[in-house]
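What the coordinates show
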2 protein chains.
Amino acid sequence: MKRSLADRIEQYIKVLIERSEAKQIEIQRAELAETFSCVPSQVTYVIATRFQEKYGYLTESRRGGKGFVRITRFSISSDICTILDGDRLFDLINELMEKKMLDSKEGNMLKHIVLSVGNDLTDNERKHLYNSVARALSEYLNLN
Amino acid sequence: MKRSLADRIEQYIKVLIERSEAKQIEIQRAELAETFSCVPSQVTYVIATRFQEKYGYLTESRRGGKGFVRITRFSISSDICTILDGDRLFDLINELMEKKMLDSKEGNMLKHIVLSVGNDLTDNERKHLYNSVARALSEYLNLN
DNA sequence: CTCCTGTTTGACTTTATTTGACTATCTGTA
DNA sequence: TACAGATAGTCAAATAAAGTCAAACAGGAG
């Protein structure tokens, strides 16, 4: 898969987080931009789009001298139980497959079943189903 | 038998999928259109008509820079589904595991998710859910 | 020939990414 | 305290895909 600059920066940050002890990193926006030879606001863009709370990340920052951006990953499932639309269940499954917590056979089977079962439901029912599946899946994988 | 453009594009995509390791490909719509010297929406048409879920394919996509269309084949072919008794879903899963059509990891995950999702449903809803899952599963595994 | 169905095309829409000019907020020092 | 310098944030324009939709077209069945 051809990756965009944003994808690569996202990946880079995720690796740093996973390697860190406390699942938390502090970066300097300008420095990271330098690493990827891009404008600093590109980094802001990546953080704003990929490290949102709904994906299980918390971000804090400080401007000025000795400024930083801190990104913390918290348990994915803690907020899964709230409002989950279809797209995000699939994002979750994809992410779990990337992280090898689900292999592709399991992931694809799940996608198929969920799609198929959701097919003859109303929008609300489907949303509820997706929520339940996400919750059950995170339970099963012990993400809590 | 003269084949239409749509037929040729379909064939081309299917060959790519079958050749791929994970029975999954990512293409760029515009690039494929270029290959066949046609408008990009022709590719959309092919995907929309030939790679539907009912034919055993799952499609996902992303717009914008470095966008793509991902197509995954999850079963060889599936059509009519038998009506399975929902109450016997668990028997079915066990049987499939014994026959090695599902490995134990998949089977157990499925049981866990189905149980969990079914938990806050009424008896009738749960029965319906079990039926749908059984149908989706047999579709997926191409049992019919 | 006429109708119907499926195909082909292209104008328009939506979404995602990249870039840069401008703004806001810290820290440290005179 | 005021100012300078160092950071990060905001926002909108430019660009790069993919999706939608309806009109035009093609080729069989009757």
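Refer to the structure presented above.
Computed from a prediction, not measured in an experiment: that's the story for all the values here.

**Some words on the sheet that holds strand β1 (residues 24-27) of chain B**
All names here are of chain B. Taking strand neighbours across the sheet as the criterion, the three strands line up as β1-β3-β2 in an open arrangement whose pairing is antiparallel. The open sheet terminates on both sides in strands that have one partner only, identified here as β1 and β2 (57-62). Averaged over all pairs of adjacent strands, the angle between their axes in this sheet comes to 15 degrees, without regard to strand direction. For β1 and strand β3 (residues 68-73), the ladder comprises four bridges, and the chain directions are antiparallel. By the bridge assignment for β3, E26 is matched with R70.

**Here's the deal with the protein's contact with DNA strand D**
The environment of DNA strand D is made up of 26 residues, and the closest members are R63 and G64 of chain A together with R29, A30 and R63 of chain B. Across the atoms of DNA strand D situated within 4 Å of the protein, the share located in sugar and phosphate is 65%. Within the backbone of R29 of chain A, an N or O atom sits 2.9 Å from a phosphate oxygen of DNA strand D. The separation between a sugar or linking oxygen of DNA strand D and a polar side-chain atom of R63 of chain B is 2.9 Å. Those elements giving two or more residues to the surface near DNA strand D turn out to be α2 (29-35), α3 (40-50) and β2 (57-62) of chain A together with α2 (29-35), α3 (40-50) and β2 of chain B. Across the surface near DNA strand D, the residue classes break down as four nonpolar, 14 polar and eight charged.

**So, the protein's contact with DNA strand C**
The full set close to DNA strand C counts 26 residues, and A6 and Y45 of chain A together with S41, Y45 and R63 of chain B are the nearest of them. Of all atoms in DNA strand C that approach within 4 Å of the protein, 63% are sugar or phosphate atoms. Contact distances for DNA strand C include 2.8 Å between a phosphate oxygen and a backbone N or O atom of A6 of chain B. In the model, a phosphate oxygen of DNA strand C is placed 2.2 Å from a nitrogen or oxygen of the Y45 of chain B side chain. For the surface near DNA strand C, the secondary structure elements donating two or more residues are α1 (5-19) and α3 of chain A together with α1 (5-19) and α3 of chain B.

**A look at unusual backbone geometry**
All names here are of chain B. Residues other than glycine seldom take positive phi values, yet K23 does so here, at roughly 50 degrees. The phi torsion at K66 lies on the positive side, around 55 degrees, for a residue other than glycine. Mapped onto the elements of the fold, K66 is located in the loop between β2 and β3. Exposure remark for K66: the relative accessible area of 43% places this residue in the partly exposed category.

**Let's talk about the pattern of salt bridges**
Oppositely charged side chains can form a pair if their charged atoms are brought close together. Under the defined criterion, the tally for this structure stands at 19 salt bridges over all chains. For E26 of chain B, the salt bridge goes to R70 of chain B, with nearest N and O atoms at 2.9 Å. Of this pair, E26 of chain B sits in strand β1 while R70 of chain B sits in strand β3, and the two are 44 residues apart along the sequence. Looking at E26 of chain B, the relative accessible area reads 29%, which means it is partly exposed. The residue R70 of chain B makes a salt bridge to E60 of chain B at a minimum N-O spacing of 3.4 Å. Residue R70 of chain B is found in strand β3, and its partner E60 of chain B is found in strand β2; the two are separated by ten residues along the sequence. Here the salt bridges share partners, and the residues they tie into one network are D7, E10, K14 and R50 of chain A together with R62 of chain B.

**Re α3 of chain B**
Residue and element names in this part refer to chain B. Of all the residues in α3, the buried ones are V43, V46, I47 and R50. Buried residues of α3, viewed axially, fall in a sector of 95 degrees; they line one side. Residues of α3 that are buried make contact with α1, β1, α2, β2 and β3.

Rules used throughout
- Residues numbered from 1 in each chain as written.
- Chains lettered and ligands numbered in written order.
- Predicted model: local features only at pLDDT ≥ 70, side-chain atom pairs only at ≥ 80, totals over all residues.
- Heavy atoms only, no water.
- Pairing = 2+ DSSP bridges.
- Helix = DSSP H or I, 4+ residues; strand = E, 2+ residues; numbered from the N terminus.
- Axes fitted to C-alpha atoms, helices over the stretch in contact; angles between N-to-C directions.
- Near = heavy atom within 4 Å.
- Polar contact = N/O pair within 3.5 Å; in protein donor to acceptor, adjacent residues only side chain to side chain.
- Nonpolar A, V, L, I, M, F, W, Y, C, P; charged D, E, K, R; others polar.
- Buried < 20%, exposed > 50% of the residue type's maximum accessible area, 1.4 Å probe, protein only.
- Salt bridge = Lys/Arg side-chain N within 4 Å of Asp/Glu carboxyl O.
- Arc of directions from axis to C-beta.
- Contact = heavy atoms within 4.5 Å.

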